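Next come the chains, spelled out residue by residue.
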Amino acid sequence: MDVLLVSYYETVDAEMFENLGLEIIDACLSAKNISSKLIYKEVDSFKNISILDIEEYMEEYKPKIVAIPVFYPNVRYINNMLGELKEKYPGIVTISGGALVSQSPMRVMETYSNIDIGTIGEGEETMPELISYVLNNKDISTVAGIIWRRDGEVVMNETRPPVQLDNYPLPNREILSKKKFKYVRISASRGCFGVCKFCVESRTFKAQQKQASRWRGRNIISVVDEIEEIKNKYGVDTFNIIDNSFEDPTPGEGKEKLRLFAEEILRRNLDIFYTVFFRCETFNEDDYELLLLLKKSGLMYAFLGVESGCDSTLRLFSKIAKKQQNLDTIRLFEKADIYIGYGFILFHPYTSIAEIKENIEFLKEVPYAENMLIYTNKMQIFYDVPFYNLVQRDGLLTSDFSIENPFGYRFQDERMGWALEQTVKMLDTPFKGLWKYSRYIDSVIQKAKKYGTYVNMEQLQEVNHRVKKAISVMNLEYMSKLVELMENDQMDSDMKAIIDSIYPQEQYDALDLELKQMFKKVIFQNRKQDVNKIL
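Residues numbered from 1 in each chain as written. Predicted model: local features only at pLDDT ≥ 70, side-chain atom pairs only at ≥ 80, totals over all residues. Heavy atoms only, no water.

Structurally, the position occupied by lysine 447 is in helix H16 (residues 431-451). Along the sequence, lysine 447 and lysine 295 sit 152 residues apart, while their C-alpha atoms lie 9.9 Å from each other. Setting aside chain neighbours within four positions, we find lysine 447 in contact with Thr238, Phe273, Met300, Lys533, Ile534 and Leu535. (Helix = DSSP H or I, 4+ residues; strand = E, 2+ residues; numbered from the N terminus. Contact = heavy atoms within 4.5 Å.)

Encoded structure:
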């Protein structure tokens, strides 16, 4: 065996974690006749990563190279494990890649000494060439797109041009025959045409070539081909299209590709569901019929990159969409009865009371603001993105800021640290569980409505909407109370008493009972149909 590919995930993500990047690399290696084995390793916590996790595979396959992608929560522990690996198996070559290495290659290599080689950007071309060179003891100084160690020094080679996405084999999905995921991931494009100051995505792919296109898409028919193959081979019916911007930004072409995607799914009579990421500035009222078509083809959830309901903050973030565009797009999707979620960064180094007030008013205007996580979201800051440079200039980074801690900064208004601590306490109320259950009900309703044969879903949706609205009102009341306490310098108030009054147990009990009874009733009323299709 030439290469052992290892993907770590934590137990909490067991039903959702699929490492599409490594599956693609595995397929590309196979196409070049390089023998590889991809394994998934589940751990309770990344802190528990150990050589024992892969020792049996090392003994069985005796690979010459071990490749493990790293992310900020696990890079330290994987580096430590690679140190153990090198001690037990002298001569083993270790490779790591992913967005973290691509964004900050020199920092990663200088900090984590047990990574021999890092891959920068996309790996379809880089990994087969690199591994072939390593296996044949060739000089890797000519391999584009890598950073490596030579005589104790870190060397970064020239960058590699972006790949043409349709030129490579489909991912190796062997894992699907052994493990059932909540959904299967599909990559239809890469990059993003946005320039958000806090985001690493577009910069990750542009690291390969300064003039690289911010967004590249696959042939849309090939995407449907992949979905159909997975459904037929593995019986999967739910897909998560992981592109940061599923829509093609090309004027006049992007929405036609969305239309073609939906029509092709319907033409093939593919009984599937899928989720996507969209940008708010893409859509307007003229796209209502397009959204209905996408919904008919199986779109059950769209995530919108809103980030703020305050225009000054959107400018600070370098977002393209304005506040009104965000609001109009949210309402448009609600009108089309498509369940949505949205990114929202309430806390960042420059958050002010005035901004929180404006965000509260914005959230009062959207159909629902029941998602408790949007109130607790603190911006992550990564090295060398524009927002990092801004925060560093203003002296807001703390001593514990690092690759592993992108939350290491202080607020310009120190009261925001207190406010963030209080918003997290929302998650300790039983309403967090009710909100999550409500999300599940939304997915059931979306699936049922596609078939059109399940009865009384409107009644269930009406009750679910009441639950979501009630939680929204509580959340916004709580946020308004936090603002009041900060403005009046009353941050030493009894927060437990305040939370108990705003999130009363008796209201939870009543809403929880009503929703669960209605759900049970509707499922019973549809018992003669295959309810497993929608659960």
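Tracing the backbone shows aspartate 26 in helix H1 (residues 20-31). Comment: no salt bridge for buried aspartate 26; closest opposite-charge side chain is lysine 37, at 7.9 Å. At 2.5 Å, the side chain of aspartate 26 and the side chain of serine 36 are in polar contact. If near-sequence neighbours (up to four positions away) are discounted, aspartate 26 is found in contact with Leu5, Ser36, Leu38 and Asn172. (Buried < 20%, exposed > 50% of the residue type's maximum accessible area, 1.4 Å probe, protein only. Lys, Arg positive; Asp, Glu negative; His and termini not counted. Salt bridge = Lys/Arg side-chain N within 4 Å of Asp/Glu carboxyl O. Polar contact = N/O pair within 3.5 Å; in protein donor to acceptor, adjacent residues only side chain to side chain.)

The next thing to look at is helix H19 (residues 505-525). Between the first and last C-alpha of H19 there are 30 Å, a value that for 21 residues agrees with the 30 Å anticipated at 1.5 Å per step. Of all the residues in H19, the buried ones are Tyr508, Leu511, Asp512, Leu515, Met518, Phe519, Val522 and Ile523. On an axial view of H19, the arc spanned by its buried residues comes to 140°, and they lie on one face. Those residues of H19 that are exposed and angled more than 90 degrees off the buried face are Glu506, Lys520 and Phe524. (Expected span 1.5 Å × (residues − 1). Arc of directions from axis to C-beta.)

Time to look at the nonpolar core. Counting 174 residues, the largest nonpolar core has Phe278 and Tyr342 as the members making the most contacts within it. No other element matches the 14 residues that helix H17 (residues 457-487) contributes to this core. When neighbours within four sequence positions are excluded, phenylalanine 278 is seen to be in contact with Phe246, Glu247, Leu258, Phe283, Leu294, Leu299, Ala302, Phe303, Leu304, Gly305 and Phe333. Listed in part, the six residues of the second largest apolar core include Leu20, Ile24, Cys28 and Val163. (Core = buried A, V, L, I, M, F, W, Y, C linked by side-chain atoms within 4.5 Å.)

Now for the sheet that holds strand S4 (residues 93-96). Overall, mixed pairing links the seven strands, which are arranged S2-S1-S3-S4-S5-S6-S7 in an open sheet. Looking along the sheet, the strands with just one partner apiece sit at the ends: strand S2 (36-43) and strand S7 (153-156). If you compare each strand with its neighbour and ignore which way they point, the axes differ by 25° on average. As paired strands, S4 and strand S5 (residues 117-119) are joined by two bridges and run parallel to one another. Each bridged residue has a counterpart across the sheet, and for serine 96 the counterpart in S5 is glycine 118. (Pairing = 2+ DSSP bridges. Axes fitted to C-alpha atoms, helices over the stretch in contact; angles between N-to-C directions.)

One can describe the packing of helix H9 (residues 254-267) onto helix H10 (residues 288-297) by two numbers: an axis separation of 9 Å at closest approach and a directional angle of 35°. Judged by the sense of rotation from one axis to the other, the crossing of H9 with H10 is left-handed. Contact residues: Lys255, Leu258, Arg259, Ala262, Glu263, Ile265 and Leu266 in H9; Leu290, Leu293, Leu294, Lys296 and Ser297 in H10. Class assignment for the residues of the contact of H9 with H10 results in seven nonpolar, one polar and four charged. (Left-handed = near helix turned anticlockwise from the far one by under 90°. Nonpolar A, V, L, I, M, F, W, Y, C, P; charged D, E, K, R; others polar.)

Next up on the list: the pattern of salt bridges. Following the criterion strictly, the structure yields 39 salt bridges and no others. Note that glutamate 404 and arginine 76 form a salt bridge whose closest N and O atoms lie 2.8 Å from each other. Here glutamate 404 is found in the loop between helix H14 (386-393) and helix H15 (415-424), whereas its partner arginine 76 is found in helix H3 (residues 75-88), with 328 residues between them in sequence. Here glutamate 281 makes a salt bridge to arginine 279, at a shortest N to O gap of 2.6 Å. On the accessibility criterion, arginine 279 (6% relative accessible area) is buried. Residues participating in the shared-partner salt-bridge network are Glu18, Glu23, Arg173, Arg218 and Glu226.

On to unusual backbone geometry, then. Backbone geometry at asparagine 33 places phi at a positive 60°, although glycine is not the residue there. Phi is positive for aspartate 151, which is not a glycine, with a value near 55°. For aspartate 151, the location among the structural elements is in the loop between strand S6 (146-150) and S7.

Turning next to the pairing of S4. Side-chain alternation along S4 places Val93 and Ile95 on one buried face and Thr94 and Ser96 on a second face that is also buried. Pairing analysis gives three bridges linking strand S3 (residues 65-67) to S4, with the strands arranged parallel. The partner of valine 66 across the bridge, within S4, is threonine 94. Handedness of the β-α-β unit built from S3, H3 and S4 comes out right-handed. (Right-handed = clockwise from strand over helix to strand, strands pointing away.)

So, about H15. Taken together, the buried positions of H15 are Met416, Trp418, Ala419, Leu420, Gln422 and Thr423. Tucked inside the fold, the buried residues of H15 contact helix H13 (353-365), H17 and helix H18 (495-502).

This part is about the pairing of strand S14 (residues 340-344). Within S14, five of the five residues are buried, which leaves it mostly tucked inside the rest of the structure. By the alternation rule, side chains of S14 split into Ile340, Tyr342 and Phe344 and Gly341 and Gly343, which are all buried. Bridge count between strand S13 (residues 299-307) and S14: four bridges; the pairing is parallel. The residue bridging phenylalanine 303 from the neighbouring strand is glycine 341, located in S14.

So, about the environment of glutamate 229. Here glutamate 229 shows up in helix H8 (residues 220-234). Residue classification places glutamate 229 among the partly exposed residues on the basis of a relative accessible area of 45%. Along the backbone, glutamate 229 and tyrosine 168 are 61 residues apart, and their C-alpha atoms lie at a distance of 16 Å.

On the basis of which strands lie adjacent, the open sheet formed by five strands has the order S8-S11-S12-S13-S14 and parallel pairing. Bordering the open sheet on either side are strand S8 (184-186) and S14, each of which pairs with just one other strand. Averaged over all pairs of adjacent strands, the angle between strand axes in this sheet comes to 20°, irrespective of strand direction. Where strand S12 (residues 273-278) lies against S13, five bridges are found, and the strand directions are parallel. If you follow valine 276 over to S13, its bridge partner there is alanine 302.

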